[in-house]
Amino acid sequence: MKAGYGANKHHRRSFRLHGFDYTREGAYFVTACTQDRTCLFGDMVKGEVRLNAAVQIVADEWARTAEVRHEIELDAFVIMPNQLHAIVWIVDGRGDRPVAPTPVVTTLAGPRPKSIGALMAGFKSAVTKRINQQRRTSGVPVWQRNYFEHIIRDDAALNCIRQYITENPARWAEDPENPVNAGATPVGATGRSPLHPDRKHP
């Protein structure tokens, strides 16, 4: 990071739900987008996602999140040319999976251990390191600094989001993260839901 902190320049709004404990058991929908919406992972050709070698790094590291974090279970996910959409479960010690997390107020700053924030930070860091090693571009950002997150509150929402993930490649032409749609506002910059582009988080 370059020296020279400015309150207006460097302050970034958080899109996390204020006071919510993101270590709580339950299901979450997350979206991570590449820096500047660059299609690092491939392109769309005739309605089909054509992914490149870099996408294997993303897939490997996403699978690894559940291997190194015993509180995490992975659900549906899709890797697009410049983003990842996924459902993540935080499970309790008994393996139960309550859909709606229980709100708990927390005053700690930064991502807590075993939280969604910690998961995303670790995943994005691992992907960035490996991709920069692959293309020999040390220190170059791969992801937008922020990510979109949505608390899944019931089975109906869970099924809706699973369908959204499955059908996402077919909607690439209209996707606001598609670089062709240059006038669209990127998710990571506003916290707008990819499920409902006109609706803010959560």
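Values in this document were obtained by computation on a predicted structure and should not be read as measured data.

J.: Where do I start with the sheet that holds strand β6 (residues 148-152) in this structure?
T.: By way of backbone hydrogen bonds, the strands of a sheet pair with one another, either parallel or antiparallel. One open sheet holds the four strands; their spatial order is β4-β5-β1-β6, and the pairing between them is antiparallel. Each edge of the open sheet is held by one strand with a lone partner, namely β4 (72-80) and β6. Across the sheet, the mean angle separating the axes of adjacent strands is 15 degrees when strand polarity is ignored. Pairing geometry for strand β1 (residues 26-33) and β6, over five bridges, is antiparallel. Following the sheet pairing, T31 is matched in β6 by F148. Sheet strands in contact with helix α2 (residues 54-68) are β1, β4 and β5 (83-90), and its direction is about 165 degrees off that of β4. Contacting β1, β4, β5 and β6, helix α4 (residues 155-167) crosses the sheet at an angle of about 150 degrees to β5.

J.: Even after reading the chapter, I still don't get the nonpolar core, so can you show me in this structure?
T.: Soluble globular proteins tend to bury their nonpolar side chains together. Counting residues in hydrophobic clusters, the biggest one holds 26 residues, and the most contacted among them are F41, W62, I116, M120, V127 and W143. Of all elements in the fold, only β1, α2, β4, β5 and α3 (116-135) reach the threshold of two or more residues within this core. In terms of residue count, α3 provides more of this core than any other element does, six residues in total. Residues contacting V127, with those up to four places away along its chain left out, are I57, V58, E61, V142 and W143. M80, V91, F148 and I161 belong to the second-largest nonpolar core, a separate cluster that totals 15 residues.

Thresholds, definitions, all that
Residues numbered from 1 in each chain as written. Predicted model: local features only at pLDDT ≥ 70, side-chain atom pairs only at ≥ 80, totals over all residues. Heavy atoms only, no water. Pairing = 2+ DSSP bridges. Helix = DSSP H or I, 4+ residues; strand = E, 2+ residues; numbered from the N terminus. Axes fitted to C-alpha atoms, helices over the stretch in contact; angles between N-to-C directions. Contact = heavy atoms within 4.5 Å. Core = buried A, V, L, I, M, F, W, Y, C linked by side-chain atoms within 4.5 Å. Buried < 20%, exposed > 50% of the residue type's maximum accessible area, 1.4 Å probe, protein only.

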